[in-house]
Amino acid sequence: MTKNDDGLDADLLAARSEASALFAAAARNDQAGVTAQLHCLAAATALRAPSGPVPATADAADPDRLVEQALHILGELEPEDFAHPDVLAAARHGRRALRARP
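Residues numbered from 1 in each chain as written. Predicted model: local features only at pLDDT ≥ 70, side-chain atom pairs only at ≥ 80, totals over all residues. Heavy atoms only, no water.

(A) Helix α5 (residues 85-99), seen in detail. An ideal rise of 1.5 Å per residue puts 21 Å on 15 residues; α5 measures up with 21 Å between its terminal C-alpha atoms. Along α5, the residues that are buried comprise D86, V87, A90, A91, G94, A97 and L98. Around the axis of α5, the buried residues are gathered within 140° of arc, so they sit on the same side. The exposed set on the far side of α5, more than 90 degrees from its buried face, consists of P85 and R99. Buried residues along α5 sit against α1 (10-27), α2 (34-46), α3 (63-75) and α4 (79-82). (Helix = DSSP H or I, 4+ residues; strand = E, 2+ residues; numbered from the N terminus. Expected span 1.5 Å × (residues − 1). Buried < 20%, exposed > 50% of the residue type's maximum accessible area, 1.4 Å probe, protein only. Arc of directions from axis to C-beta. Contact = heavy atoms within 4.5 Å.)

What follows is the structure in structure tokens.
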């Protein structure tokens, strides 16, 4: 397990980055309601992942599916990684985004 300067391992950083990109793609999806978009933005921001380009292929996907994928990624983390306050906040925002379906 390789740790960075913040003490986070590479798997956790990769999960944060991937989930954040999915939340960002859901946030900018026109099919998502405003409330869901805001929760997705909050989730992406909470993960504090380095921002980068979101794959354009994710734009055409159903926003609920993107959120579900992001939550699945976070749910696969080790319990101690999932217990990070920012990861929990992102998961909560993701769940709220799913509940805010138009």
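Moving on, there is more to tell.
(B) Representation of the packing of α3 against α5 within the structure. The N-to-C vectors of α3 and α5 enclose an angle of 150°; their axes lie 10 Å apart at closest approach. Taken together, α3 and α5 sit at an angle that is classed as roughly antiparallel. Between α3 and α5 lies a crossing whose hand is left-handed. Taken together, the residues of α5 that come into contact with α3 (itself represented by D64, V67, E68, L71 and L74) are V87, A90, A91, G94, R95, A97 and L98. (Axes fitted to C-alpha atoms, helices over the stretch in contact; angles between N-to-C directions. Parallel < 35°, antiparallel > 145°, perpendicular 65-115°, else oblique. Left-handed = near helix turned anticlockwise from the far one by under 90°.)

(C) Fine view of the nonpolar core. Counting 27 residues, the largest nonpolar core has A19, F23, C40, L47, V67, L74 and A90 as its most contacted members. Elements with a contribution of two residues or more to this core: α1, α2, α3 and α5. Each residue touching L74, except ones within four places of it in the same chain, is listed here: A19, F23, L47, F82, V87, A90 and A91. (Core = buried A, V, L, I, M, F, W, Y, C linked by side-chain atoms within 4.5 Å.)

(D) The environment of A36, seen in detail. Along the chain, A36 turns up in helix α2. A relative accessible area of 7% places A36 in the buried class. Sequence-wise, A36 and H93 are 57 residues apart; in three dimensions their C-alpha atoms are separated by 8.8 Å. Residues in contact with A36, not counting those within four places in the same chain, are A97 and A100.

(E) Structural context of the side chain of Q37. Note that Q37 resides in helix α2. One polar contact links the side chain of Q37 to the main-chain carbonyl oxygen of A27, over a distance of 3.3 Å. Apart from the residues within four sequence positions on either side, Q37 is in contact with A26, A27, R28, N29, D30 and A32. (Polar contact = N/O pair within 3.5 Å; in protein donor to acceptor, adjacent residues only side chain to side chain.)

(F) Quick look at a nonpolar patch on the surface. A cluster of nonpolar side chains, V34, L38 and L41, forms an exposed patch at the surface whose accessible area comes to about 300 Å². Mapping L41 onto the fold places it in helix α2. On the basis of relative accessibility, which here comes to 46%, the residue L41 falls in the partly exposed class. (Patch = residues over 30% accessible without salt bridge, like charges linked within 9 Å, V, L, I, M, F, W, Y side chains within 5 Å. Areas by Shrake-Rupley, 256 points an atom, 1.4 Å probe, with all protein chains shown as cover. Salt bridge = Lys/Arg side-chain N within 4 Å of Asp/Glu carboxyl O.)

(G) Structural context of the packing of α1 against α5. Axis separation between α1 and α5 bottoms out at 12 Å; the angle between their running directions is 25°. Taken as axis vectors, α1 and α5 run roughly parallel relative to one another. Crossing hand, α1 versus α5: left-handed. In contact with L12, R16 and F23 of α1, α5 contributes D86, V87, A90 and G94. Partitioning the contact of α1 with α5 into residue classes produces four nonpolar, one polar and two charged. (Nonpolar A, V, L, I, M, F, W, Y, C, P; charged D, E, K, R; others polar.)

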